[in-house]
Amino acid sequence: MEQTDIPHTQLTGALRRQSVKKNVAAIHISGKLTLLQRKLSNVLLLNAYDALINKQKHQIDARTLCMMVGYNSNDMETLKQSLRSLAETVAEWDMLDADGKQEWGVSSLLSYAKLSGGVCEYAYSPALAEKLHDPKVFALINLNIQRRFTSGHALALYENCYRFVRTGSTGWWPLDLFRRLMGVEGSAYYESFKHLNAKVIKPAVAEVNKTSNIVLEPEFKKMGRQVAEVRFLIKENPQLAMLDIDDGEGLRQGMVYQRLLAVGVSDRLARQWITEHGETHVAEKLDYLGARKGIESPVRYLSAALRDDYKEEASKPAAPKVDPEVLAQAEAAREEAARMAALREAAKERQRGLRAARLERIRDLAADRSPTQRDADKRLFLSRLEDELERGEFRRAAWSAALLEHEMVEFWEEMLPGSFDDLTL
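Residues numbered from 1 in each chain as written. Predicted model: local features only at pLDDT ≥ 70, side-chain atom pairs only at ≥ 80, totals over all residues. Heavy atoms only, no water.

J.: So what's going on with the sheet that holds strand E7 (residues 119–123)? Which residues, and what values?
T.: The strands that make up a sheet are held in pairs by hydrogen bonds between backbone atoms, and each pair lies either parallel or antiparallel. Taken in spatial order, the 3 strands line up as E3-E7-E6 in an open sheet, and their pairing is antiparallel. Only two strands of the sheet have a single neighbouring strand rather than two, namely strand E3 (58–61) and strand E6 (112–116). Across the sheet, the mean angle from the axis of one strand to that of its neighbour is 20°, orientation sign disregarded. In this sheet, E7 lies alongside E3 in antiparallel orientation, the contact comprising 4 bridges. Looking at the pairing, Gln 59 lines up with Glu 121 of E7. The strands touched by helix H2 (residues 35–48) are E3 and E7; relative to E3, the strand with the most contacts, the crossing angle is about 115°. (Pairing = 2+ DSSP bridges. Helix = DSSP H or I, 4+ residues; strand = E, 2+ residues; numbered from the N terminus. Axes fitted to C-alpha atoms, helices over the stretch in contact; angles between N-to-C directions. Contact = heavy atoms within 4.5 Å.)

Next up, the structure:
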């Protein structure tokens, strides 16, 4: 399935923010989460965040939830299975409390979830809700970024590294801790650093660097002849604009944002209003404000106009006056936005073309094998998939399973090295 951006205009309320603050306790999960389950937990937290402390139950439209996670909106069985897994997964935190004392605790990720009448209702335990809402330490997880990930290990690595972007490094993690963060603890296969590096670290780093707004570089520390610890050096991705990721800078380039600042609206409130109401609606209310005389508090009046949708009478259309210099700046901003949109679309088109070419190559490689080899290839590939949902997808679509493109490329590259060397962006 193509990992396109979330259609922002179709969302309402908290879901329009596109990003969620994830407390360190939520990011460090004790247990294994698949890619879909990790994405699902982020969307549920985003939807509930504002009311985590004062509401025991939260609701979200089930089809909207499916859409934001990135799978078929009619696939209720997959949603049920993912919700069941979240209710069975344990979150464990070990951190300093408000008094500086070490606090340890465990809780299921969801205390319950139910689907009824097309609505998903769910709840967190009070203790976990308190930790999830704690604003002191958090990572800002952009939901448009998370939809691009095709590997659960890569998304887990991104979540655990992104909060260190300002310090430039995660610090040294013992390998046992790293295995827990990646959800592979208890696996004899991943006790071997060779396997951990080849199957988890290298692919996850490659996908984070290709997919997200940060670039990672792993470093290893040995004890004797064995690798004992790992850390990740972190830089912001210079291709940020190409990924269509907006952390506020995009909004600040627009004329509507500049007009809001001119009447005294703060940076935070200006971006909030534009995000919640859209630039066109905010511009209409700015025009309405501009036609009024003797307004003592423009910000308060504009807030009421947005809230109550003030409108001009048909016989008295607003006649906003806009500084020519502001118009020129707006036109330049529009041209730059159009240029960047064209670059982003070209990059997306190249990525779609590369994915299609890789899938076609995979099908050709499989078709060239003998019938006996084809059966063996499928069994071997299935044995490498730990996620039952991914296994089901492969059984359904075989080598045409677009959701497994990354894993299939890795498999065939190991089987037939160099098979994809000619396929690059």
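Let us keep going from here.
J.: Give me the lowdown on helix H11 (residues 255–262), citing residues and values where you can.
T.: When we look at burial in H11, the residues that qualify are Val 256, Tyr 257, Arg 259 and Leu 260. Along the long axis of H11, the arc covered by the buried residues comes to 160°, so they all point the same way. Looking at the residues trailing H11, positive phi occurs at Gly 264, about 100°. (Buried < 20%, exposed > 50% of the residue type's maximum accessible area, 1.4 Å probe, protein only. Arc of directions from axis to C-beta.)

J.: Can you break down the sheet that holds strand E9 (residues 173–174) residue by residue, with the values?
T.: Taken together, 3 strands build an open sheet; the order of strands is E9-E11-E10 and the sheet is antiparallel. Single-partner strands in this sheet number two, and they are E9 and strand E10 (214–223). Bridge analysis of E9 against strand E11 (residues 226–236) gives 2 bridges, and the strand direction is antiparallel. Across the sheet, the residue bridging to Trp 173 is Val 230, located in E11. Sheet strands in contact with helix H7 (residues 152–162) are E9, E10 and E11, and its direction is about 90° off that of E10.

J.: Could you give an account of the environment of Leu 44, naming the residues involved and the relevant values?
T.: Note that Leu 44 resides in helix H2. Relative accessible area serves as the criterion here: at 0%, Leu 44 is assigned to the buried category. C-alpha separation for the pair Leu 44 and Leu 110, spaced 66 residues apart in sequence, amounts to 9.8 Å.

J.: Can you lay out the pattern of salt bridges for me, pointing to particular residues and giving the numbers?
T.: Tallied over the full model, the rule gives 22 salt bridges. A salt bridge links Arg 179 to Asp 176, with the shortest nitrogen-to-oxygen separation between them at 3.1 Å. Of this pair, Arg 179 and Asp 176 both sit in helix H8 (residues 175–182), 3 residues apart, roughly one helical turn. Relative accessible area serves as the criterion here: at 6%, Arg 179 is assigned to the buried category. Of the charged contacts in the structure, one is a salt bridge between Glu 336 and Arg 339, with a shortest N-O distance of 2.8 Å. Of the two residues, Glu 336 and Arg 339 both sit in helix H15 (residues 324–367), 3 residues apart, roughly one turn of that helix. (Salt bridge = Lys/Arg side-chain N within 4 Å of Asp/Glu carboxyl O.)

J.: Describe in detail a nonpolar patch on the surface, supporting the description with residues and values.
T.: Side chains of Val 90, Trp 104 and Val 106 sit close together on the surface and give an oily, nonpolar patch of about 290 Å² of accessible area. Relative to the helices and strands, Trp 104 resides in strand E5 (residues 102–108). The class for Trp 104 is exposed, based on a relative accessible area of 53%. (Patch = residues over 30% accessible without salt bridge, like charges linked within 9 Å, V, L, I, M, F, W, Y side chains within 5 Å. Areas by Shrake-Rupley, 256 points an atom, 1.4 Å probe, with all protein chains shown as cover.)

J.: So what's going on with the packing of H7 against helix H9 (residues 193–211)? Residues and values would help.
T.: Interhelical geometry of H7 versus H9 gives an angle of 70° and a closest axis separation of 8 Å. Classified by the interaxial angle, the pair formed by H7 and H9 is roughly perpendicular. Here His 153, Ala 154, Leu 157 and Tyr 158 of H7 lie close against H9, whose contacting residues are Lys 199, Val 200, Ala 204, Val 205, Glu 207 and Val 208. Residue classes in the contact of H7 with H9 are distributed as 7 nonpolar, 1 polar and 2 charged. (Parallel < 35°, antiparallel > 145°, perpendicular 65-115°, else oblique. Nonpolar A, V, L, I, M, F, W, Y, C, P; charged D, E, K, R; others polar.)

J.: A description of unusual backbone geometry should follow, citing residues and the corresponding values.
T.: Its identity is not glycine, yet Asp 309 carries a phi of approximately 55°, on the positive side. For Asp 309, a relative accessible area of 31% gives the class partly exposed. The phi dihedral of Ala 398 is positive, around 55°, even though this residue is not glycine. The topology assignment puts Ala 398 in the loop between helix H17 (388–397) and helix H18 (405–415).

J.: Describe the packing of aromatic side chains, naming the residues involved and giving the relevant values.
T.: One pass over the full model with this rule turns up 16 aromatic pairs. An angle of 25° between the planes, with centres 6.4 Å apart, marks the rings of Trp 173 and Phe 178 as stacked. We note that Trp 173, like Phe 178, is buried. Plain terms: the ring middles of Phe 381 and Trp 399 are 5.3 Å apart, the flat faces sit at 50° to each other, and that makes the pair tilted. Of this pair, Phe 381 sits in helix H16 (residues 371–384) while Trp 399 sits in the loop between H17 and H18; the two residues are 18 residues apart in sequence, bridging distant segments of the chain. Trp 399 shares its class with Phe 381; the two are buried. Pairwise contacts between aromatic rings join Phe 381, Phe 394, Trp 399, Phe 411 and Trp 412 into one cluster. The ring of Tyr 288 carries the charged tip of Arg 292 above its face, separated from the ring centre by 4.3 Å. (Phe/Tyr/Trp six-rings, centres within 6.5 Å; stacked < 30°, edge-to-face > 60°. Lys NZ or Arg CZ within 6 Å of the ring centre and 35° of its normal.)

J.: So what's going on with the packing of H15 against H18? Residues and values would help.
T.: In contact at an axis separation of 10 Å, H15 and H18 are set at 45° when each is read in the N-to-C sense. Classified by the angle their axes make, H15 and H18 are oblique. Between H15 and H18 lies a crossing of left-handed hand. Contact with H15, carried on its side by Arg 355, Arg 358, Leu 359, Ile 362, Leu 365 and Ala 366, involves Glu 405, Met 408, Val 409 and Trp 412 of H18 and no other residues of that element. (Left-handed = near helix turned anticlockwise from the far one by under 90°.)

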